[in-house]
Structure formats: C-alpha cells, structure tokens
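Chain by chain, the residues:
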Amino acid sequence: MLSKGLKRKLEEEEEKEALEVDAWWLDPGHPAVTQAPPTVASSSLFDLSVLKLHHSLRQSEPDLRHLVLVVNTLRRIQASMAPTVTLPPVPSPPVVPSVSDNLLASSDTALSASMASLLEDLSQIEGLSQAPQPLADEGPPGRPTGGAPSSLGGLDLLGPATGCLLDDGLEGLFEDIDTSMYDSELWVPTSEGLKPGPENGPGKEGAPELDEAELDYLMDVLVGTQALERPPEPGR
Amino acid sequence: MRWHQAVPQLSHPWVSLQSKNAPHSQGEYDVYSTFQSHEPEFDYLKSLEIEEKINKIKWLPQQNAAHSLLSTNDKTIKLWKVTERDKRPEGYNLKDEEGKLKDLSTVTSLQVPVLKPMDLMVEVSPRRIFANGHTYHINSISVNSDCETYMSADDLRINLWHLAVTDRSFNIVDIKPANMEDLTEVITASEFHPHHCNLFVYSSSKGSLRLCDMRAAALCDKHSKLFEEPEDPSSRSFFSEIISSVSDVKFSHSGRYMLTRDYLTVKVWDLNMEARPIETYQVHDYLRSKLCSLYENDCIFDKFECAWNGSDSVIMTGAYNNFFRMFDRNSKRDVTLEASRESSKPRAVLKPRRVCVGSKRRRDDISVDSLDFTKKILHTAWHPAENIIAIAATNNLYIFQDKVNSDMH
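Residues numbered from 1 in each chain as written. Chains lettered and ligands numbered in written order. Predicted model: local features only at pLDDT ≥ 70, side-chain atom pairs only at ≥ 80, totals over all residues. Heavy atoms only, no water.

**Let's talk about the sheet that holds strand S15 (residues 187-192) of chain B**
Strand pairs in the sheet, formed through backbone hydrogen bonds, run parallel or antiparallel to each other. Residue and element names in this part refer to chain B. Here four strands make up an open sheet; going across it, the order is S15-S16-S17-S18 and the pairing antiparallel. Each having just a single partner strand, S15 and strand S18 (225-227) make up the two edges of the open sheet. Within the sheet, the average angular offset between the axes of one strand and its neighbour, ignoring direction, is 20 degrees. The pairing of S15 with strand S16 (residues 199-204) spans five bridges and is classified as antiparallel. Bridged to Phe192 within S16 is Phe200. (Pairing = 2+ DSSP bridges. Helix = DSSP H or I, 4+ residues; strand = E, 2+ residues; numbered from the N terminus. Axes fitted to C-alpha atoms, helices over the stretch in contact; angles between N-to-C directions.)

Now the structure itself:
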C-alpha cells in the first residue's frame, strides 16, 4: 500500500505504523507491503476500534451510523485475528487491556494469548449487554468507567426513553421497578435523598443501586430510630 | 466550461439566502436574508440537549410569489415561507404616513393610494413545525412531486408527512430490529422520485439502495428493487464496509438514474439494473492507501453530498482541501477545482487543480500528504436550470457561474 514512493517525514512515523496496519491484513503477496511487527499492527487497529466504540457509546445520544460501522469493522478484525477461537463467557469484570500489554507480546504464541483474552473480553461485553447497564461514565467509585460498555444492547435505552409517542413501550420504562421496597414499613424514605436519580426518571438507568456505604448508613438509621416511633416521611 | 467565482459570503447555523444585489454588477453577491431556523432545545425525558445545527434544507416547488423551504435539525422539521416586499402603498385617505388616523375635518379631497417602490424587504415566517416524529437523528428530507407530502428519514425509520399536518406522520420504513444488538445497518439518505409520487429510494450504511413503492404496502419494509454492487475481492479490507456506506443519493432530473456517493467514489445507477452501477467515478482514489489514518482521525466517516446538473450530463461532488470534482458523463473528462479566497478573485476563472501521488509532480500540483483534511466540501448544489453552483466550504459559501455557457449544454 505504500508502494507509490511517498516521502515519509519523521513525525509521520506513527502514521506509518498505522498505515502498515492496513497493509498487514491485506494480501501479504502484495509486492509493496512492508512487514511491520505483527503485534503492533494487529492489536493497535483492534484497540483503536474498541476505543472508538467506547467513545461512541459514551455519547448521550450515540451516532448510530458511526456506532454500527465501528462495531462491524471490529467484528471483521476480530474474525480475522482468531477465526477458530470459541470461548465460553467468563464471569469476570471485563477490562480492556492497555496497548502496552500488547506491545510486550513478542511472539505469535503471546499474540494469540493476548488476542484470546481480548476476544474473551469482547464476547463478555456482548454477553453483558443483556443486563441493564448505565451508559454514563458516572457510577459507584471503584468500577472502571470504560469497563462495561454494553455494545448495542445498551441502545435499547434509546427506544423507550423518549417523548416520541410513535414509539410504544413507555410502560417498559416502569416494568422492572421492584415496588415491594416501597411497600415495606421498615424502609426509610430518606434513601431517596441519598441518591438523587437522573432527570430521565426510573427505569434501567435509574434503578437504585446503593453501595455499601449507603447501606451501612441506612442500617444505622434504622437501628437508631427503631426504638423511637416511626419518623415522619419527608418529601412525600 | 469555465467557472467564475462570485464573492464568497458567510454561512453558519442560520439559514442564509443569497442573491445578486444589483443586476448589472456581475458576480457580486450579497446576503439576501438571514434568519434563525432552529434554537437549541432540551429533551427533559432523556436529559439531552438537541442542537440547533441544521442538517438539511429543501426548497419546495414554487406555487405563488412566495418561496417555501423545509429545514431540519436532528429532531424537528420546520416549514418556512419567504416573501419579498419591494413596494408599499402611499396616500391613504384616512391614515397619515405614520399610520395614525387623520382628523376627518382635515380631509378635503379623496385620493387613490399608489404603490411606490421601497427598499427590498424579505420576510421569513415559520409556517409549520413538525416535531416528535423521530427517535433517532434525521439525516434527510425530501419533498414529493405531489407537492403535498414529504418524507423525513432518521437512522432507522422513514416517516411520511403532509405539509399541512404537523401532529401526525406515517411511518413508511422501519428497519429497527427487535433486538438492538442485531443492528448492523442504518439508513443514510433517502429521496422521492422526481416524477412518480409513489416511489422513493433509501440508502444504507452497507452501500445498498432500496427502491420502494408506497402503493405496495403501508409499511414499505419490502423493497421493490435492491441495488447492490458485489464487493470486489481484490480490494477488500477492514474498511470495505465503511467506505461503501452511501452518504447521499440523488435521482437524476430525468428520473431514469440515481447518483450515489460513498467515501471514495460517485456511482450512477440505472433504475432498470439492480446488479451494479452503470458508471463509477473515482473522486479521490489516492486516499485508498490511507484509509487506516482516515479511520483513526474519523475522516473516513465524513458524509459528502453529490449533485446532477440540469441536463444530467455532469455530476459534482466535494472532497478535501476545499476541492470539488466534476465529471462529464459524455466526454468522460473530469476536473478538480478549488473553493478558496486565496486561489480565486472575483470574476476570476477557476484553475483546474491536480493531486499528485507519485514523484512526477507539476508546478502547481498538491501532493497527497499536503492535503488539508479539515477543509471538507460536504455540501454542494447545482442550479436546476442554469450553470450556477453553490459550494459550502466550512464557514464560506461560494457561488460559481459558468460564463461561457450560461445555458445547459
């Protein structure tokens, strides 16, 4: 692909590496293909695509065309890297390996191993997309922000959560709220003040997910006030 | 044809209409009217801001002295009416010049009010607002030849509207899968046939075109014709799909052909042949070896428009570095021109440009590596009857005219 004798400037070496990615996966019989170190070539394109996917999903309203094209390209790359690998979903938190990890792999064996783990993560990501996932970066501290993109499954959220009356399923927003917690006498309503939900109402995005600190606080409150009469419910 | 440059004017999120300010000053253009079409909005349900950025503008066929146009942002379409006033009545009997009622005792004779010329006043008023029809981002609007309906397309759906009805639209195409995880293709552009009001076409991110007949069914999910070119195995790469994504589709004025633009080419399709296009023109094939870099900087996702001239003999599209390209279908000759202040003076003839890829380089050639990818010509338009073109280059709008042949050839 670089056969036309173009002058390459020093500062364009990075671009040259990226270009060689293109060359690497094309017909290796092409006379002008420069043999780049395989690990840099293959994984950088994969990583780039995953980064683009993450970036796209993080938008509040993803550009569907961009998203679909990136996902399809990622699938092509994935398929060409390890076409025969089939992996069972592994229930560990998905973490996209950094580029430096891939750069360290210097042999084909190491390449396959790192590719396998990446594929594993990607299939894990796609498997997780069934479960409700917050699309926004915010989340309980400690969870890697980029760690749980929900691929296209998260796009389900675009459907029901809209003012568009043409789209049915507004009821779907409210279907999976467990209201039994509100029926219980012991439940302290101040929990609503602890974690103010987003403007777009309850539903998959706003399902109250109290972390341990908040639960502890609640327990203290419950234990402390149980001896007294039931406190008035604020905000109701 | 020799193209002359008119004075460039500014264009921004406002809809700006241009016209000559004096008939004798050739090639001098002034702003005709400016108005704010859309304002930023906030979708409270999704906590999202909807940008006021306009995606498409379409003129309606003129039916009286006024002009009408449709403009759309991501979610809302608006119908605007543009009227001119260049005369005003003077000499009322009961009102004075300021419009105040006269004291009747001072009126001693009757006069007939006359129309006197005044400075041109352009009035633009919103006539309809078509809202809440789309969940996803609107990418095209197209007015039907019946002049009563129009369609709007977003990534997954196409709606049919009546120009007089704003609270209702009919969904005519829906490609949203039951499970969004199965989504692999989106709608990228759509257009009504220029003569047959029941026919329309829409393009996809996979490079296919679907011609639909609204008489066949209420929901046109089944196409009447599917136009798709099989992938060339020798040029297959990871980016094959991205570069095959059609960014614009336009019927020829004759209605016999369609023009499509994908990342590297423009193609002419014959409605009678679904298997492949009848003509393919390379817009900037020198970018084929740079697809990875263009993927990295997202330029590979740029959406270029394309246009026919009035006689369907020449097609035009934009490129990078403020270049735009014209292809003569009959002579098979093509030209690259540049839209920029530096390279053109008023009434100057545009000089053809050349991009060189190898070591052989002529004096004014631009090398591929020097192309400025931030200067993109995404929007181009050709006057339906005359050899006048409009080229949008970032913040500037250029209007060029062919002085040698002002009529179509």
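There is more to say, and it comes next.
**Some remarks on the packing of aromatic side chains**
All names here are of chain B. Evaluation of the coordinates by the stated rule reveals 16 aromatic pairs over all chains. Here the aromatic rings of Phe227 and Trp269 are separated by 6.1 Å at their centres, their planes lie at 80 degrees, and the arrangement is edge-to-face. Placement of Phe227 in strand S18 and of Trp269 in strand S21 (residues 265-270) is noted, with a sequence separation of 42 residues between them. A single burial state applies to Phe227 and to Trp269, both of which are buried. Judged by centre distance (5.9 Å) and plane angle (0 degrees), the rings of Tyr398 and Phe400 are stacked. Like Tyr398, the residue Phe400 is buried in the burial classification. Here the aromatic cluster, defined as three or more aromatic residues joined through ring pairs, consists of Tyr263, Phe304, Tyr320 and Phe373. Lying over the aromatic face of Tyr92, Lys95 brings its terminal NZ or CZ to 4.5 Å of the ring centre. Over the face of the ring belonging to Tyr257 we find Arg329, whose NZ or CZ atom lies 4.8 Å from the ring centre. (Phe/Tyr/Trp six-rings, centres within 6.5 Å; stacked < 30°, edge-to-face > 60°. Buried < 20%, exposed > 50% of the residue type's maximum accessible area, 1.4 Å probe, protein only. Lys NZ or Arg CZ within 6 Å of the ring centre and 35° of its normal.)

**A word on unusual backbone geometry**
Located in the positive-phi region is Asp312 of chain B, a residue other than glycine, with phi close to 60 degrees. Its relative accessible area of 10% is what places Asp312 of chain B among the buried residues.

**Here we look at the confidence of the model for chain B**
Residue and element names in this part refer to chain B. When pLDDT is averaged across chain B, the result is 87; 89% of the residues are at 70 or more. Considering only residues more than four positions removed or in separate chains, one finds that residues 4-28, a stretch of pLDDT under 50, has 77 contacts. The model gives residues 405-409 a pLDDT under 50, and that stretch makes 16 contacts with residues more than four places away or in other chains. Predicted as a complex, the structure gets a pTM of 0.67 and an ipTM equal to 0.86. (pLDDT = per-residue confidence, 0-100. Contact = heavy atoms within 4.5 Å.)

**What to know about the state of the cysteines**
Within the structure shown, the criterion is met by zero disulfides over all chains. Here Cys197 of chain B is not cross-linked by a disulfide; its sulfur's nearest cysteine counterpart is in Cys147 of chain B, at 10.0 Å. (Disulfide = S-S within 2.5 Å.)

**Focus: the side chain of Asn322 of chain B**
Residues and elements named next belong to chain B. Mapped onto the elements, Asn322 comes out in the loop between strand S24 (314-318) and strand S25 (323-328). Look at Asn322 and you get buried, because its relative accessible area is 8%. Setting aside anything within four residues of it in sequence, one finds Asn322 in contact with Leu337, Glu338, Ala339, Ser340, Lys375, Lys376, Ile377 and Ala393.

**Some details on the sheet that holds strand S11 (residues 140-143) of chain B**
Residues and elements named next belong to chain B. One open sheet holds the four strands; their spatial order is S11-S12-S13-S14, and the pairing between them is antiparallel. Among the strands making up the open sheet, the edge pair consists of S11 and strand S14 (170-174). On average, each strand axis in the sheet is tilted by 20 degrees relative to the strand beside it, whichever way the strands run. Strand direction decides the pairing type here: strand S12 (residues 149-153) and strand S13 (residues 157-162), joined by five bridges, are antiparallel. From the neighbouring strand, Ala153 faces S13, where its bridge partner is Ile158.

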